Amino acid sequence: MSATTPPLLRRHPANPVLTCKQAPFPATLVFNAGVIRHEGRYVMVFRNDIGTWGSGVLTGTNTGLATSADGVRWEVFPRPIIDPEKMRRELRDLMRHDYPPDFIQRIYDPRLTVVGGRVLMCFAIDTAHGICGGVAAATDDLETFEWLSVTSPDNRNMVLFPEKIGGRYVRLERPFPVYMRPEPEAFPIWLSESPDLAYWGRNRPVLGCDEVPFANSKIGPAAPPVRTRAGWLTPFHAVHYDPSRRLAGWEAKSWHKTYCAGLMLLDLENPARVTGLMRTPLLAPETDYELEGFRGGVIFPCGFIAEPDGSVKLYYGAADSVVALATGNIEDLIARCEPFKRNESKN
Ligand code: BMA
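Keep in mind the model is a prediction, meaning the values are calculated, not measured.

Looking at the sheet that holds strand S2 (residues 29–38)
- Ordered by their spatial adjacency, 4 strands build an open sheet running S2-S3-S4-S5, and the pairing between neighbours is antiparallel. Here the strands that pair on one side only, and so sit at the sheet edges, are S2 and strand S5 (75–76).
- As paired strands, S2 and strand S3 (residues 41–51) are joined by 8 bridges and run antiparallel to one another. Bridge pairing in S3 places Ile-36 opposite Val-43.

A short note on the nonpolar core
- Leu-233, Leu-282, Leu-283, Phe-304, Tyr-316 and Leu-333 are the most contacted members of the largest nonpolar core, which has 25 residues in total.
- Every element with two or more residues in this core is listed here: strand S17 (257–266), strand S19 (299–306), strand S20 (311–318), strand S21 (322–329) and helix H3 (330–336).
- If one sorts the elements of this core by residue count, S20 sits on top with 4 residues.
- Beyond its immediate stretch of four places on either side in the chain, Leu-282 contacts Thr-5, Pro-6, Leu-8, Leu-9, Ala-261, Gly-262, Leu-263, Leu-314 and Leu-333.

Here we look at the pairing of strand S12 (residues 189–194)
- Counting buried positions over the 6 residues of S12 gives 5, a clear majority of the element.
- As defined by bridge partners, strand S11 (residues 169–175) adjoins S12 across 5 bridges and the pair is classed as antiparallel. Directly across from Arg-171, in S12, lies its bridge partner Ser-192.
- Two strands pair when backbone bridges link them, and S12 and strand S13 (residues 201–207) are joined in this way by 4 bridges, in the antiparallel orientation. Across the sheet, the residue bridging to Glu-193 is Gly-201, located in S13.
- If you look at the hairpin formed by S12 and S13, you'll find 6 residues sitting between the two strands, and Leu-197 has a positive phi there, around 75°.

Examining the site of the ligand
- Every residue near the ligand is listed here: Asn-32, Arg-47, Asp-109, Arg-156, Lys-218, Trp-255, Tyr-259, Arg-295, Val-298, Phe-300 and Asp-320.
- In the environment of the ligand, an oxygen atom lies 2.9 Å from a nitrogen or oxygen atom belonging to the side chain of Tyr-259.
- About the coverage of the ligand: the protein hides 91% of its 300 Å² of free accessible area.

Some details on the sheet that holds strand S1 (residues 10–11)
- Strands sit in the order S1-S21-S20-S19 across an open sheet of 4 strands; the sheet is antiparallel. Where the open sheet ends on each side, the last strands, each with one partner, are S1 and S19.
- Bridge count for S1 against S21 is 2 bridges, and the pairing is antiparallel. When the sheet's bridge partners are listed, Arg-10 is paired in S21 with Thr-327.

Focus: the pattern of salt bridges
- In this structure the tally under the stated criterion is 22 salt bridges.
- Taking the shortest distance from any N to any O, the salt bridge between Glu-173 and Arg-171 comes out at 2.6 Å. When sorted by exposure, Glu-173 lands in the same class as Arg-171, which is buried.
- Look at the salt bridges and you will find they share partners, linking Arg-47, Asp-49, Arg-106, Asp-109 and Asp-126 into a network.

Details of the pairing of strand S8 (residues 130–138)
- Of all 9 residues that make up S8, 9 are buried, and the element is covered over most of its length.
- Summarising the sheet, strand S7 (residues 118–127) and S8 pair through 8 bridges and their orientation is antiparallel. Residue Thr-127 lies in a different strand from S8, and its bridge partner there is Gly-130.
- A loop of 2 residues connects S7 with S8, the two strands running antiparallel in sequence.

Thoughts on the packing of aromatic side chains
- Using the criterion set out here, one finds 10 aromatic pairs in the structure.
- Taking 5.2 Å as the distance between ring centres and 80° as the angle between the ring planes, the aromatic pair formed by Phe-161 and Trp-232 counts as edge-to-face. Taken together, the positions of Phe-161 in the loop between strand S10 (155–160) and S11 and Trp-232 in strand S16 (residues 231–241) put the pair 71 residues apart, joining distant regions of the chain.
- By relative accessible area, Phe-161 is classed as buried at 1%.
- Taken together, Phe-123, Phe-145 and Trp-147 form an aromatic cluster joined through their ring pairs.
- Stacked on the ring of Trp-200, the Lys or Arg Arg-171 has its end atom at 4.0 Å from the ring centre.
- When the ring centre of Phe-176 is taken as origin, the NZ or CZ atom of Arg-174, which lies over that ring, is 4.5 Å away.

Focus: helix H1 (residues 84–95)
- Between its first and last C-alpha, H1 extends 16 Å over 12 residues, near the 16 Å set by a 1.5 Å rise per residue.
- Listed in full, the buried residues belonging to H1 are Met-87, Arg-88 and Leu-91. Taken down its axis, H1 places every buried residue within 95° of arc, on the same side.
- Packing partners of the buried residues in H1 comprise strand S6 (104–115), S7 and strand S9 (145–150).
- One side-chain oxygen of the residue at the start of H1 lies 3.1 Å from the amide nitrogen of Glu-85, identifying that residue as Asp-83.

Things to note about the state of the cysteines
- Inspection of every chain in the model, using the stated rule, returns 0 disulfides.
- Cysteine Cys-260 is unpaired, with the sulfur of Cys-209 as its nearest cysteine sulfur at 12 Å.
- Overall, the relative accessible area of 1% leaves Cys-260 in the buried class.
- The cysteine Cys-302 is free of any disulfide, with Cys-122 supplying the nearest cysteine sulfur at 11 Å.
- Judged by relative accessible area, which is 1%, Cys-302 ranks as buried.

Definitions and cut-offs
- Residues numbered from 1 in each chain as written.
- Predicted model: local features only at pLDDT ≥ 70, side-chain atom pairs only at ≥ 80, totals over all residues.
- Heavy atoms only, no water.
- Pairing = 2+ DSSP bridges.
- Helix = DSSP H or I, 4+ residues; strand = E, 2+ residues; numbered from the N terminus.
- Core = buried A, V, L, I, M, F, W, Y, C linked by side-chain atoms within 4.5 Å.
- Buried < 20%, exposed > 50% of the residue type's maximum accessible area, 1.4 Å probe, protein only.
- Contact = heavy atoms within 4.5 Å.
- Near = heavy atom within 4 Å.
- Polar contact = N/O pair within 3.5 Å; in protein donor to acceptor, adjacent residues only side chain to side chain.
- Areas by Shrake-Rupley, 256 points an atom, 1.4 Å probe, with all protein chains shown as cover.
- Salt bridge = Lys/Arg side-chain N within 4 Å of Asp/Glu carboxyl O.
- Phe/Tyr/Trp six-rings, centres within 6.5 Å; stacked < 30°, edge-to-face > 60°.
- Lys NZ or Arg CZ within 6 Å of the ring centre and 35° of its normal.
- Expected span 1.5 Å × (residues − 1).
- Arc of directions from axis to C-beta.
- Disulfide = S-S within 2.5 Å.

Pasting the structure below:
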């Protein structure tokens, strides 16, 4: 599959809008950033993998903060905002376990959502038992977090809806089921609810990988859904694996996965119900900063902002190396989602 981007989104001429050069601390791969508009400015929390640019060698991951008046020119906070030692200690307290501190290896891929005026962050966390997801609340200065919950493995790519639905917090998530699946990888999107951000339940399936025409490996939540008259407009990522197509990349192992952005509409009252789906990618890797980097051919959106004038901003990690921005019009995006009818033979 060689997907192309329809003329719905426009890549910003200033792309990539954030690279490691803007960070006043050691930084190499600056990507997969949660972005919100909050108290009159744009706020970004980004993943920073440290190593040598152009090589596959990485030595650590931390998390940076950047702010912007226009969503295009970003100023990075002088130091990373998550202190790994403190994070490990606090998460160990939250999870009430007695494993050594390095049981928790790192947190990454932050997604931000403002719910009721509170800045919340979902994150992925690598543990010695597998990958988990979690939720944290930012302090008012956005410089520290209160850790609220962590899932059991394997689950990640959590994204919170921007308001409670039916009185509960709701999040999309992506479990990694490996048993009883026809293919080695066909990971879907699920949803769960919480009364308090600590306890999560009523888990339900939302969309299978086999229901997305341009994915054959996995799909996952990308950025927080936006409320529209037609439903929750929800970007996701969709992965196509082609062993015959080797993509550019700095890792020693060869890379064969293309990550595109997809788009769906979810029912406003029952967000586990898909009502619309774009049958082709919303954004497919095409530019040099999307095709060349640590992993070429990766578009990984983590921020989606609807502006009062009807325009939208989609922020995405490009080639696992930089942060890029694409803009468009919300009504154009809604119009491209076709009514979704579930094939009864698929479950
Ligand atoms: C996913 C995650 C993301 C990454 C993407 C492409 O599985 O690890 O952090 O951006 O792969 O490498």
